[in-house]
Amino acid sequence: MLKKSLTGFQKSSSNKLGIPISSVLSASKGSIPIDENYNSWLVEHPSALSFFDQMMKEDRGKKIVVFLDYDGTLSPIVDDPDRAFMSDEMRAAVREVAKYFPTAIISGRSRDKVKEFVQLSNVYYAGSHGMDIKAPLRPVRSCDGKSHTKAHDKKGTEVVFQPAKNFLPAIQKIITELEEKTMKIKGVRIEDNRFCISVHFRHVQEEDQEMLEEKVKSILEHYPEFHLCWGKKVMEIRPTIEWDKGHALEYLLDTLGLSTPNNVIPVYIGDDRTDEDAFKVIQRRDQGYAIVVSNVPKDTKASYSLYDPSEVLAFLLRLAIWRKSSSSSRPQAQILGIGD
Ligand SMILES: O=P(O)(O)OC[C@H]1O[C@H](O[C@H]2O[C@H](CO)[C@@H](O)[C@H](O)[C@H]2O)[C@H](O)[C@@H](O)[C@@H]1O
């Protein structure tokens, strides 16, 4: 639709990225019906699809590393968390991207669960909002140095990094208490994400949601080393350590030997609040692309946007095709020794 006149953003002729407003709007034309507010927001967070060529032109010759959130990014948000399947097309696109660029999935889910959904062996997985990472075996620079545990895999080529391992017994106790204290509230769903817990309230009647929140908070009063975060119709209970998706991104760059900011372009695509921690890291590095997936205007540190997972699919396909068609296309996966 995009019928909107320039009212509301006529005052400046370009956004924070220095992209002329007229080109943001014309580049987005014809893609999706967009309302007035979204249109204004798009000026500050232009479509990564429409601006693909400009983005890639600037970074020719640098190493791109791809980071992907799972729910709401690779799979659409659905009613049942156990049925948040990724389409075969999306899987093929991620597989293709990972042939050319080191690629990691960073999810709030447990690492096993997200791997079960994604089913690819040429990507790295970080579960529990980055508190459970399986990464290549290399010395690391950025970690809290206190409670992390590394365990080699059978081949001795990968390590598991779990900075919240000491919290596992308490997490299991909290889950038991949550199940007991919320069993009478219809629609609650407790998901064990290994190093964190999701309390889903998507199916809880509105009038019961406050009571649920109170119960969760009253349990957490006895566990001061945990805190509560909010996601999409979900309360997330996490150990209070200085570790989030942003740290996971830095950790993976380090372990991949790609932490030199000048030469490396991290591309992070995510849709939820916890992805903002990774967006902040990219913003701080002043190198890379933070891309938020959203069909509504929202506060975000991301510079670019994609409307929904179908646009994520289109972006990933384009990235793979772009890399394939560019001259020196020796697959990164070969260089880094991972393969599907
Ligand atoms: O970091 P992510 O991979 O985005 O995981 C965040 C949470 O995603 C899941 O919950 C969300 O998606 C569900 C399926 O579409 C939806 O039913 C739910 O309402 C959303 O909050 C997952 O179930 C959570 O455990 C993750 O923390």
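Residues numbered from 1 in each chain as written. Predicted model: local features only at pLDDT ≥ 70, side-chain atom pairs only at ≥ 80, totals over all residues. Heavy atoms only, no water.

A. Layout of the packing of helix 8 (residues 245–255) against helix 9 (residues 276–285). Contact pair helix 8 / helix 9: the axes reach a minimum separation of 6 Å and the direction vectors enclose 55 degrees. Taken together, the axes of helix 8 and helix 9 lie oblique to each other. In contact with Lys245, Gly246, Leu249, Glu250 and Leu253 of helix 8, helix 9 contributes Asp277, Ala278, Val281, Ile282, Arg284 and Arg285. Taken together, the residues of the contact of helix 8 with helix 9 break down into five nonpolar, one polar and five charged. (Axes fitted to C-alpha atoms, helices over the stretch in contact; angles between N-to-C directions. Helix = DSSP H or I, 4+ residues; strand = E, 2+ residues; numbered from the N terminus. Parallel < 35°, antiparallel > 145°, perpendicular 65-115°, else oblique. Contact = heavy atoms within 4.5 Å. Nonpolar A, V, L, I, M, F, W, Y, C, P; charged D, E, K, R; others polar.)

B. Region of the structure containing the site of the ligand. Close contacts around the ligand come from 22 residues, with Val78, Glu191, Arg202, Lys232 and Glu236 the closest. Within the contact set of the ligand, an oxygen atom lies 2.8 Å away from a backbone nitrogen or oxygen of glycine 108. Histidine 200 is positioned such that a nitrogen or oxygen atom in its side chain is 3.2 Å from an oxygen atom of the ligand. Bound to the protein, the ligand loses 99% of the 570 Å² it would expose on its own. Residue assignment for the shell around the ligand shows that the elements contributing at least two residues are strand 8 (197–200) and strand 10 (234–239). (Near = heavy atom within 4 Å. Polar contact = N/O pair within 3.5 Å; in protein donor to acceptor, adjacent residues only side chain to side chain. Areas by Shrake-Rupley, 256 points an atom, 1.4 Å probe, with all protein chains shown as cover.)

C. Region of the structure containing unusual backbone geometry. In this structure, serine 128 takes a positive phi of about 50 degrees despite not being glycine. Relative to the helices and strands, serine 128 is located in the loop between strand 3 (124–127) and strand 4 (132–136). One non-glycine residue with positive phi stands out, namely histidine 129, at about 55 degrees. Within the fold, histidine 129 resides in the loop between strand 3 and strand 4.

D. Fine view of the side chain of serine 294. In this fold, serine 294 is placed in the loop between strand 12 (289–293) and strand 13 (304–306). When neighbours within four sequence positions are excluded, serine 294 is seen to be in contact with Tyr38, Trp41, Leu306 and Tyr307.

E. Examining the pairing of strand 10 more closely. With six of its six residues buried, strand 10 lies for the most part within the structure. The side-chain alternation of strand 10 yields two buried faces, one formed by Val234, Glu236 and Arg238 and the other by Met235, Ile237 and Pro239. Pairing of strand 8 with strand 10, which is carried by four bridges, proceeds in the antiparallel orientation. From the neighbouring strand, valine 199 faces strand 10, where its bridge partner is methionine 235. Inspection of the sheet shows strand 9 (residues 226–231) paired to strand 10 by six bridges, in the antiparallel sense. Within strand 10, the residue paired with histidine 227 across the bridge is arginine 238. (Buried < 20%, exposed > 50% of the residue type's maximum accessible area, 1.4 Å probe, protein only. Pairing = 2+ DSSP bridges.)

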